[in-house]
Amino acid sequence: MGTQTETETRLVRTLLGLAAESQGATTISDERLGTALGFLLTDKATALRQILPPIVRTLDERDLLRGLDPTLRDALITELSAATWRDMLQERAIKRMTARAAACEIPVILLKGASFRGTLYDANAPRVGVDVDLLVRPQDRDRFEDELRALGARRYIRFPDHLATAETLFERVYTLSFTGDIGITIELHDALTKPHAFMIDQDSLWRRSLPFEPLGSEQVRRLSAEDTLVHLAIHAHRHGTIPAHALVDAARLLERWAWDLDALLGIARAWGATTVL
């Protein structure tokens, strides 16, 4: 989660507890709660604001919002409105993309935050992602990209000076705009991570995948609980840090999805990911 002072680390733990709906997180003093929420609105906590809606939801359910300083409460509500608006745009993008994919019989697996929408997090208290991640089979990628372009999405080359490298990456980035300059970033994967970093059996991954319940389509899927946990660990390893929201994702998954420890460890061993898990 980056370099933090001891005080900031305690504040982050309080915020994570609120997002995970931990009972202990709401037994703290009003002063510490106010300090933690104030920290949430600073530049140091930008990434943490992905879990702001579930934090506010917990505060509201436990009647803690009313006791906050009015200025702090108004600032939280303003941030909540912005997060909710962005989440609505992401949901719209997901529905449009997956509808076109289903019409073309292209199976899609939603990854990370996109797959937690309406499953680990309620629709009225979403975990708002920075982008939308989707996985398609390598043989379907070109067709799916055609559908993205038909929706008006534009490809974004992260390394314009290294076009050959960009063409061999496991993900391609698109931007899809609905309202003015507000664009939704789409990360289209044909693998979970760099092909040679871990020994991921794509066919087994797809066989274990499950229908994404909120959309009610066999063509739109999510990873199994076990695959999701290992993927979260690999993603953290790739970036060299554990995103705070990933800890909340994992905590909620362990509580809300059915999972099997032996299956989890077996997948991690097969992928060569035991250490990162």
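Just so it is clear, the structure is predicted and the values come from calculations on it, not from any experiment.

*Asks:* Looking at this structure, I do not really get the pairing of strand S7 (residues 217–222). What am I missing?
*Replies:* The side chains of a regular strand alternate between the sheet's two faces. One ladder, built from three bridges, connects strand S1 (residues 108–111) with S7; its direction is parallel. When the sheet's bridge partners are listed, Leu110 is paired in S7 with Arg222. The hairpin turn running from strand S6 (residues 210–212) into S7, its antiparallel successor, is four residues long, and Gly216 in that turn takes a positive phi close to 60°.

*Asks:* I would appreciate a short explanation of the pairing of strand S2 (residues 132–135) in the present structure.
*Replies:* Of the two faces of S2, the one holding Val132 and Leu134 and the one holding Asp133 and Leu135 are both buried throughout. Where S1 meets S2, three bridges bridge the pair, whose relative direction is antiparallel. Note that in S2 the partner of Leu111 across the bridge is Asp133. Strand direction decides the pairing type here: S2 and strand S5 (residues 182–189), joined by four bridges, are parallel. By the bridge assignment for S5, Val132 is matched with Ile186.

*Asks:* Sorry if this is basic, but what is going on with helix H11 (residues 261–271) here?
*Replies:* It helps to recall that an α-helix has 3.6 residues per turn; residues three or four apart then point in one direction. Taken together, the buried positions of H11 are Leu264, Ile267, Ala268 and Trp271. Down the axis of H11, the buried set is contained in an arc of 100°. They therefore lie on one face. What points out from H11, more than 90 degrees from its buried face, is the exposed set Asp262 and Arg269. Tucked into the core, H11 has its buried residues touching helix H8 (202–208) and helix H9 (225–239). With a side-chain oxygen positioned 3.1 Å from the backbone nitrogen of Asp262, the residue opening H11 is Asp260. Among the residues trailing H11, Gly272 stands out with phi positive, at a value near 75°.

*Asks:* Sorry if this is basic, but what is going on with the nonpolar core here?
*Replies:* What tends to happen in soluble globular proteins is that the nonpolar side chains get buried as a cluster. By size, the foremost hydrophobic cluster in this structure holds 52 residues, and its most contacted members are Leu15, Leu37, Leu48, Ile55 and Trp271. The element best represented in this core is helix H1 (residues 6–19), accounting for six residues. Counting 23 residues, the second largest nonpolar core, distinct from the first, contains Tyr174, Phe178, Ile186 and Val220.

*Asks:* I tried to follow the packing of aromatic side chains on my own but got confused; where do I start?
*Replies:* Here the distance between the centres and the angle between the planes together describe a pair of aromatic rings. The final tally for this structure, using the stated rule, is one aromatic pair. Its guanidinium or amino end placed over the ring of Trp206, Arg137 lies 4.2 Å from that ring's centre, counting from NZ or CZ.

*Asks:* Just checking my understanding: could you explain the confidence of the model for the protein chain for this structure?
*Replies:* The predicted coordinates ought not to be read in detail in places where the model reports low pLDDT. Of all residues in the protein chain, 91% attain a pLDDT of 70 or more, and the chain-wide mean is 86. Across the protein chain, the element-wise mean pLDDT spans from 53 in helix H7 (residues 163–168) up to 96 in S1.

*Asks:* I'm lost on unusual backbone geometry in this one. Help?
*Replies:* Note: most residues except glycine have negative phi, and most peptide bonds are trans. Of note in the backbone geometry, Glu105 takes a positive phi value of approximately 60° without being a glycine. By the secondary structure assignment, Glu105 is in the loop between helix H4 (70–103) and S1. The class for Glu105 is exposed, based on a relative accessible area of 60%. Not every positive phi belongs to a glycine, and Lys112 is a case in point at roughly 50°. One can find Lys112 in the loop between S1 and helix H5 (113–116).

Calculation rules
- Residues numbered from 1 in each chain as written.
- Predicted model: local features only at pLDDT ≥ 70, side-chain atom pairs only at ≥ 80, totals over all residues.
- Heavy atoms only, no water.
- Pairing = 2+ DSSP bridges.
- Helix = DSSP H or I, 4+ residues; strand = E, 2+ residues; numbered from the N terminus.
- Buried < 20%, exposed > 50% of the residue type's maximum accessible area, 1.4 Å probe, protein only.
- Arc of directions from axis to C-beta.
- Contact = heavy atoms within 4.5 Å.
- Polar contact = N/O pair within 3.5 Å; in protein donor to acceptor, adjacent residues only side chain to side chain.
- Core = buried A, V, L, I, M, F, W, Y, C linked by side-chain atoms within 4.5 Å.
- Phe/Tyr/Trp six-rings, centres within 6.5 Å; stacked < 30°, edge-to-face > 60°.
- Lys NZ or Arg CZ within 6 Å of the ring centre and 35° of its normal.
- pLDDT = per-residue confidence, 0-100.

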